[in-house]
Amino acid sequence: MSVVLSKNKYYNFLFVLCIAITYLNNYELTFAVWSTTCLVTLQRKYSLTILQYITCFCAIISLAVIVMFFYEYKAYYIIRDITYMLKPIVGLLIGYQLCKNNFNKAFQIIAYTGVFIASIHIIILLFAFFVHHARTV
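Worth saying up front: this structure is predicted, and the values here are computed from it rather than measured. For every chain, the first residue of the written sequence is number 1, and numbering continues from 1 onward in sequence order. The predicted nature of this model means local features are confined to residues of pLDDT at least 70 and side-chain atom pairs, given and counted, to a pLDDT of 80 or more, with totals for whole chains, interfaces and linings taken over all residues. Hydrogens and water molecules were not included; the side-chain quantities draw on all heavy atoms of the structure.

1. Considering the overall build of the protein
Threshold: A run of H or I in DSSP becomes a helix once it reaches four residues, and a run of E becomes a strand once it reaches two; helices and strands are each numbered from the N terminus. Our radius of gyration is a C-alpha quantity, and the globule rule it is checked against amounts to 2.2 Å times the number of residues to the power 0.38. Exposure is judged per residue with a 1.4 Å probe applied to protein chains only, and the accessible area is read against the type maximum: over 50% gives exposed, under 20% gives buried, and values in between give partly exposed. Each accessible area is a Shrake-Rupley estimate made with a 1.4 Å probe; only the visible protein chains count as cover when residues are assessed.
Helix and strand counts for the protein stand at five helices and zero strands. Ordered by position from the N terminus, the helices and strands of the protein form the series α-α-α-α-α. Scaling as 2.2 N^0.38, a compact globule of 137 residues should have a C-alpha radius of gyration of about 14 Å, whereas the protein reaches 19 Å, well beyond that. Dimensions of the protein along its principal axes, counting C-alpha atoms only, are 55 × 40 × 30 Å. Evaluated residue by residue, the protein yields a buried proportion of 22% over its 137 residues. Surface summary for the protein: the accessible area is close to 10,500 Å², and the carbon and sulfur share equals 71%.

2. Structural notes on the packing of aromatic side chains
In plain terms, the rule: Any two of the Phe, Tyr and Trp rings considered here, Trp counted by its six-membered ring, make a pair once their centres fall within 6.5 Å; the pair's planes then place it as stacked at under 30 degrees, edge-to-face at over 60, or tilted in between. Here, over-ring charges are defined by two tests on the NZ atom of lysine or the CZ atom of arginine: distance to the ring centre within 6 Å, and angle to the ring normal within 35 degrees.
Summed over all chains, the structure comprises seven aromatic pairs. When the ring of Tyr27 is compared with that of Tyr84, the centres are 4.4 Å apart and the planes differ by 45 degrees; the resulting orientation is tilted. Of this pair, Tyr27 sits in helix H2 (residues 27-40) while Tyr84 sits in helix H4 (residues 75-99), and the two are 57 residues apart along the sequence. Of note, Lys87 hangs over the ring of Trp34, and the distance from its end group to the ring centre comes to 5.0 Å.

3. A closer look at the packing of helix H1 (residues 7-20) against H2
Quick note on the threshold: Between the N-to-C directions of two axes lies an angle of 0 to 180 degrees, each axis being a line fitted to C-alpha atoms and, for a helix, fitted only over the stretch in contact. In this scheme, roughly parallel covers angles under 35 degrees and roughly antiparallel covers those over 145, while 65 to 115 is roughly perpendicular and the rest are oblique. What makes a crossing left-handed is the near helix being turned counterclockwise from the far one by less than a right angle; a clockwise turn instead makes it right-handed. By the convention used here, residues are in contact when the closest approach between their heavy atoms is within 4.5 Å. Residues were grouped as follows: Ala, Val, Leu, Ile, Met, Phe, Trp, Tyr, Cys and Pro as nonpolar; Asp, Glu, Lys and Arg as charged; and all remaining residues, including Gly, as polar.
At a minimum axis separation of 10 Å, H1 and H2 run at an interaxial angle of 160 degrees. Considering the angle they form, H1 stands roughly antiparallel to H2. Crossing of H1 against H2: the hand is left-handed. Residues Tyr10, Leu14, Leu17 and Cys18 of H1 touch H2, and the partners they reach there are Val33, Trp34, Thr37 and Val40. Its residues assigned to classes, the contact of H1 with H2 comprises seven nonpolar, one polar and no charged.

4. Some points on the nonpolar core
One recurring pattern in soluble globular proteins is that nonpolar side chains are buried together. Heads up, the rule is: Only buried residues count toward a nonpolar core, which is a set of Ala, Val, Leu, Ile, Met, Phe, Trp, Tyr and Cys residues joined through side-chain atoms within 4.5 Å.
Core analysis: the largest hydrophobic core is formed by 18 residues, its most contacted members being Trp34, Ile94 and Leu98. Among the elements that take part in this core, H4 stands out by supplying six residues, more than any other. Other than its neighbours up to four places away in sequence, Leu98 contacts Tyr11, Leu14, Phe15, Thr37 and Thr41.

5. Topic: the confidence of the model for the protein
This is how the line gets drawn: Summary of the metric used: pLDDT quantifies the predictor's per-residue confidence within the range 0 to 100.
Here the protein averages 88 in pLDDT, and 96% of its residues register 70 or above. Put simply, H1 is where the protein has its lowest mean pLDDT, 87, and H2 is where it has its highest, 95.

Shown next as structure tokens:
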């Protein structure tokens, strides 16, 4: 028996994952999941509008790269700053790629994602209250 996921359900899962992963407050994990999602959902065609949005962020990265050549920075700081500047580009691409073909149910997906994250939040609060006896939250 094989399980077949439709493209819409697959994209919905990736959308929920990309939104929910940010609540773990781990930048490296978030960037890895977002980058993987961006690469997995690459498109052949992009609208001119999304390319214009991305161009603004690319210009900022270009300025940062130019400035980098005039100062001595450790490799860690260079990689960190590049990933921080790439994150908005990756986020825009993910939003575009996931919602381009699934836009008719975008509100429903956003609402379900909100309910899912709110449910997890309530479970965490109940766990903190009953297990760790956190009375002031």
